[in-house]
Amino acid sequence: PTFLIKAAAALGFKWPESDEMELFRIGKNYIASGIEYMKIRGEVDEAIKELLSNNESDGLDAFDRFQRRLTSLAGSHMMISGTSAPAIGVAYLAAGGLVLALKVHAIMILIEAAITMAMQAFGAVLGPLGVGALAAKLAALRAQLEGAIRAVETAMKPVLKVAEQV
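Sequence order as written defines residue numbering, which begins from 1 separately in each chain. The model is predicted, so local features are restricted to residues of pLDDT at least 70 and side-chain atom pairs to those at 80 or more, both for listing and for counting; the totals for chains, interfaces and linings are taken over all residues. No hydrogens and no water enter the side-chain calculation; it runs on all heavy atoms of the structure.

Re helix 2 (residues 20-54)
- A run of H or I in DSSP counts as a helix once it spans at least four residues, and a run of E counts as a strand once it spans at least two, with each numbered from the N terminus. To estimate how far a helix should reach, multiply one less than its number of residues by 1.5 Å. Compared with an ideal rise of 1.5 Å per residue, which puts 35 residues at 51 Å, helix 2 spans 51 Å between its outermost C-alpha atoms and is within 8% of the ideal.
- Three labels apply to residues, based on accessible area from a 1.4 Å probe with only protein chains included: buried if under 20% of the type maximum, exposed if over 50%, partly exposed otherwise in between. Along helix 2, the residues classified as buried are E20, L23, F24, G27, G34, R41 and I48.
- Two N or O atoms form a polar contact when they lie within 3.5 Å of each other; inside protein one atom must be a possible hydrogen donor and the other a possible acceptor, and for residues adjacent in sequence the pair counts only when both atoms belong to side chains. At the N-terminal end of helix 2, a side-chain oxygen is found 3.1 Å from the backbone nitrogen of M21, two or three residues along, and the residue is D19.

The following block contains the structure:
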């Protein structure tokens, strides 16, 4: 569907060359590194607080002022690193899901084509009841596919809004 291809392109991925398993792996790594960064940053912050509260010197006072200024900068690398890595990871997971949805869609189209060819090839042999059953299965398959695509589209809208801002 057009939506899926546009969404993948907005996130910088080409269909069908993208590997969803690689995207999932990268996403998990970003999330894990962001969590680890925040953990280490918390430990460093605690060590700095302890150092500054137990010691006094002009150098430590200057360091304390630098630390406070650094943490107050909304766009500083220190502020962004720990929070953006998990967000980037989630975007990679979403992109992996998007690529997977595209591949499932392609497979469903092939299945639909095979059922249609079977209906045409064996319609006379199966009779109206057999063709009717195949047509019903085909309609149910198409409805499931359309529902799955709508669910992916709904889930991807927030991710694409963030991607537009980046």
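Thoughts on the packing of aromatic side chains
- Ring pairs shown here join Phe, Tyr and Trp side chains whose ring centres sit within 6.5 Å, with only the six-membered ring taken for Trp; geometry is labelled stacked below 30 degrees between planes, edge-to-face above 60, and tilted in between. Considering all chains together, one arrives at 1 aromatic pair under this definition.
- Look at Y30 and Y92: their rings are 5.6 Å apart centre to centre, the planes differ by 10°, and that puts the pair in the stacked class. Here the residue Y30 occupies a position in helix 2, and Y92 occupies one in helix 4 (residues 77-165), the gap between them amounting to 62 residues.

A word on the nonpolar core
- In plain words, nonpolar cores are sets of buried Ala, Val, Leu, Ile, Met, Phe, Trp, Tyr and Cys residues tied together by side-chain atoms within 4.5 Å. Counting 7 residues, the largest nonpolar core is built from M108, I115, M119, L138, L141, L145 and I149.
- Filtering out sequence-adjacent residues up to four positions away, L138 remains in contact with E112, I115, T116 and M119. Should any heavy atoms of two residues lie within 4.5 Å, those residues are considered in contact.

Some details on the confidence of the model for the protein
- Confidence scores labelled pLDDT are given residue by residue by the predictor and lie between 0 and 100. When pLDDT is averaged across the protein, the result is 76; 75% of the residues are at 70 or more.
- Taken element by element, the predicted model of the protein shows its lowest mean pLDDT in helix 1 (residues 2-10) (68) and its highest in helix 2 (84).

Examining the pattern of salt bridges
- In what follows, salt bridge is the name for a side-chain nitrogen of Lys or Arg lying within 4 Å of a carboxyl oxygen of Asp or Glu. Here the structure, examined in full by the defined rule, presents 2 salt bridges.
- The partner of E20 in a salt bridge is K103, with the nearest N and O atoms 2.7 Å apart. Of the two residues, E20 is situated in helix 2 and K103 in helix 4; the sequence distance between them amounts to 83 residues.
- For K103, a relative accessible area of 27% puts it in the partly exposed group.
- Between R25 and E22 there is a salt bridge whose closest N-O contact spans 2.5 Å. Taken as a pair, R25 and E22 lie in helix 2 at a separation of 3 residues, close to a single helical turn.
- Note on R25: relative accessible area 43%, which makes it partly exposed.

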